[in-house]
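A look at the structure
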Amino acid sequence: MTVWDDLVGQEKVSEQLAAAARDADAFVTAAASEGPLPEASSMTHAWLFTGPPGAGVTRTARAFAAALQCVSPDRALGGVPGCGFCDGCHTALFGTHADVSTVTAVGAEILVKDMRDTVRKSFTSPANGRWQIILVEDAERLNEKSANAVLKAVEEPAPRTVWMLCAPSIEDVLPTIRSRCRHLNLRTPSVDAVADMLVRRESIEPPVAAAAARATQGHVDRARRLATDPAARDRRAAVLKLPLRVEDVGGALRAAQELVDAAAEDAKQLAEDMDGKEAEELKAALGAAQGGRLPRGTAGVMKELEDKQKRRRTRTQRDSLDLALTDLTTFYRDVLALQLGSRVAIANADAQDALDRLAHSSSPEATLRRIEAIAACGEALDRNVPPLLAVEAMTMALRSG
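Note that the structure is predicted; figures quoted are calculated from it, not measured.

**What about the overall build of the chain?**
- Along its length, the chain carries 15 helices and five strands.
- Put simply, the chain has 401 residues, and 46% of those count as buried.
- Looking at the chain alone, contacts between residues at least 24 apart form 72% of all its contacts between residues at least 6 apart.
- Carbon and sulfur atoms provide 53% of the accessible area of the chain, an area that totals close to 20,200 Å².

**Re the sheet that holds strand β5 (residues 182-185)**
- Pairing is parallel in the open sheet, where five strands are placed in the order β2-β3-β4-β1-β5. Sheet topology places β2 (100-103) and β5 at the edges, where each strand pairs with a single neighbour. Between one strand and the next, the sheet's axes are offset by a mean angle of 15°, whatever the strand orientation.
- By the bridge criterion, five bridges tie strand β1 (residues 46-50) to strand β4 (residues 161-167) in an arrangement that is parallel. The residue of β4 that forms the bridge with Leu 48 is Leu 165.
- Lying over the sheet, helix α2 (residues 57-68) contacts β1, β2, β3 (132-136) and β4, oriented at roughly 165° with respect to β4.

**Details of the environment of Arg 59**
- For Arg 59, the location among the structural elements is in helix α2.
- It is 9.8 Å that separates the C-alpha atoms of Arg 59 and Asp 221, two residues lying 162 residues apart in sequence.
- For Arg 59, the residues in contact, after removing those within four places along its chain, are Asp 6, Leu 7, Val 220, Asp 221 and Arg 224.
- Of the polar contacts made by the side chain of Arg 59, one reaches the side chain of Asp 221; its length is 2.4 Å.

**Notes on the nonpolar core**
- Core analysis: the largest hydrophobic core is formed by 36 residues, its most contacted members being Trp 4, Trp 47, Phe 49, Phe 64, Leu 68 and Met 164.
- Counting residues per element, the ones that place at least two in this core are α1 (11-33), β1, α2, α3 (87-93), β3 and β4.
- When residues in this core are grouped by element, the largest group, eight residues, is from α2.
- Filtering out sequence-adjacent residues up to four positions away, Trp 4 remains in contact with Ser 14, Leu 17, Ala 18, Ala 63, Phe 64, Ala 67, Val 80 and Pro 81.
- Ranked by size, the runner-up nonpolar core spans 32 residues in total, among them Ala 252, Cys 377, Val 391 and Met 394.

**Re unusual backbone geometry**
- With a phi close to 55°, Gln 217 is a non-glycine residue in the positive phi region.
- Summarising the element assignment, Gln 217 is placed in the loop between α8 (206-216) and α9 (220-228).
- One non-glycine residue with positive phi stands out, namely Asn 384, at about 65°.
- Here Asn 384 lies in the loop between α14 (364-382) and α15 (387-400).
- We classify Asn 384 as exposed; its relative accessible area is 64%.

**Section: the packing of helix α7 (residues 191-202) against α8**
- Between α7 and α8, the least distance of the axes is 8 Å, while the angle of their chain directions is 135°. Considering the angle they form, α7 stands oblique to α8. In this structure, α7 meets α8 at a crossing whose hand is right-handed. Along the contact surface, α7 presents Val 191, Val 194, Ala 195, Leu 198 and Val 199, while α8 presents Pro 206, Ala 209, Ala 210, Ala 212, Ala 213 and Arg 214.
- Looking at the contact of α7 with α8 residue by residue, the classes come out as ten nonpolar, no polar and one charged.

**Considering the pattern of salt bridges**
- If you walk through the whole model with that rule in mind, you get 18 salt bridges.
- Residue Asp 25 is joined to Arg 130 by a salt bridge in which the shortest nitrogen-to-oxygen separation is 2.6 Å. Taken together, the residues span a long stretch of sequence, with Asp 25 in helix α1 and Arg 130 in the loop between α4 (112-122) and β3 at a distance of 105 residues.
- A relative accessible area of 14% means that Asp 25 is categorised as buried.

**Let's talk about the packing of aromatic side chains**
- For the coordinates displayed, the defined rule picks out five aromatic pairs.
- Note on Trp 47 and Phe 64: the rings are 5.0 Å apart at their centroids and 75° apart in plane angle, and the pair reads as edge-to-face. Of this pair, Trp 47 sits in strand β1 while Phe 64 sits in helix α2, and the two are 17 residues apart along the sequence.
- Residue Trp 47 is classed as buried on the basis of its relative accessible area of 2%.
- With a relative accessible area of 0%, Phe 64 lands in the buried category.
- Between Phe 49 and Phe 64 the ring centres are 6.5 Å apart and the planes differ by 65°, which places this aromatic pair in the edge-to-face class.

Calculation criteria
- Residues numbered from 1 in each chain as written.
- Predicted model: local features only at pLDDT ≥ 70, side-chain atom pairs only at ≥ 80, totals over all residues.
- Heavy atoms only, no water.
- Helix = DSSP H or I, 4+ residues; strand = E, 2+ residues; numbered from the N terminus.
- Buried < 20%, exposed > 50% of the residue type's maximum accessible area, 1.4 Å probe, protein only.
- Contact = heavy atoms within 4.5 Å.
- Areas by Shrake-Rupley, 256 points an atom, 1.4 Å probe, with all protein chains shown as cover.
- Pairing = 2+ DSSP bridges.
- Axes fitted to C-alpha atoms, helices over the stretch in contact; angles between N-to-C directions.
- Polar contact = N/O pair within 3.5 Å; in protein donor to acceptor, adjacent residues only side chain to side chain.
- Core = buried A, V, L, I, M, F, W, Y, C linked by side-chain atoms within 4.5 Å.
- Parallel < 35°, antiparallel > 145°, perpendicular 65-115°, else oblique.
- Left-handed = near helix turned anticlockwise from the far one by under 90°.
- Nonpolar A, V, L, I, M, F, W, Y, C, P; charged D, E, K, R; others polar.
- Salt bridge = Lys/Arg side-chain N within 4 Å of Asp/Glu carboxyl O.
- Phe/Tyr/Trp six-rings, centres within 6.5 Å; stacked < 30°, edge-to-face > 60°.

Coordinates in, geometry out; function isn't part of it.
Structure below.
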């Protein structure tokens, strides 16, 4: 099973990347044997992957990284790089390859201090693999200083370095950076394609797979989680009950508090799973004895780790709230479709009774105002408005319609 099999509904993009991987393989092979380098190539040193949430932008970039690091002997026999089984493919896909560096936003932004070591590494030759690959998962979160650091590296890269930037849209990336990248735009996979993937790759029963794909409207990762994680299904069910709980002021405020508390609990669970382990590993690396004091001069390093963990908790809480806002938006979109008599397929068929009740008790104009209130909540969170204040404003607006 090749690395391209995980790219749901992205056949055109897969073909382009497979061709680039073949040319990249020919380049490295020719360079190693001191033979003539290919004259024409579909490979380049910088790529920009964009697409709506759930299209698999990061997964596509990582599959391409695996294909570039593929060491399968089948390549010499005409096989396409990206076998999915060799050590190069396996470690690149799972994020453990020494020559594939991944940059992810810990907080709201990618800071320049988080990029310095990565940019420095981009100018070195690959240690074990065929290419030095830098994968930036949240390129839209680069701030001015970190984006300028990336720009300098992308302008004059090392011969065997490849940059892969992932963002929701091309407009989210600085014009000076995107002009130096080859742009590939992914599309939202169809509901049928996602359901088929869940059946084939996750062994999910067809009715469950179809329901998960329909509920998430083609969002691959959310569909997989919804189909395989009972806790995710319970959380979504609780969110879809919110529109019926905001009929009075008290209910609206309680619903807001519970939504924020659930997001905070998600962040807390992640912190419990990761923070303690990270702290102990760092202490050991700094030379602290088991349960003993840290060596002198290392307090600043520990403080930096604590700041990083705090930013990650904030990001996790925000991501959880974003997911809830997305579920609410699809709920009211279904209400609007019923009110207008649209033939658009209902995403939340499991909440049909609630949809019918709201569709008959309100007007399309009120439903549109409620959708706008959800979008306004997301914008407020982007501006770092306290989560409870932003969500309370939203639930009060949902109540008034």
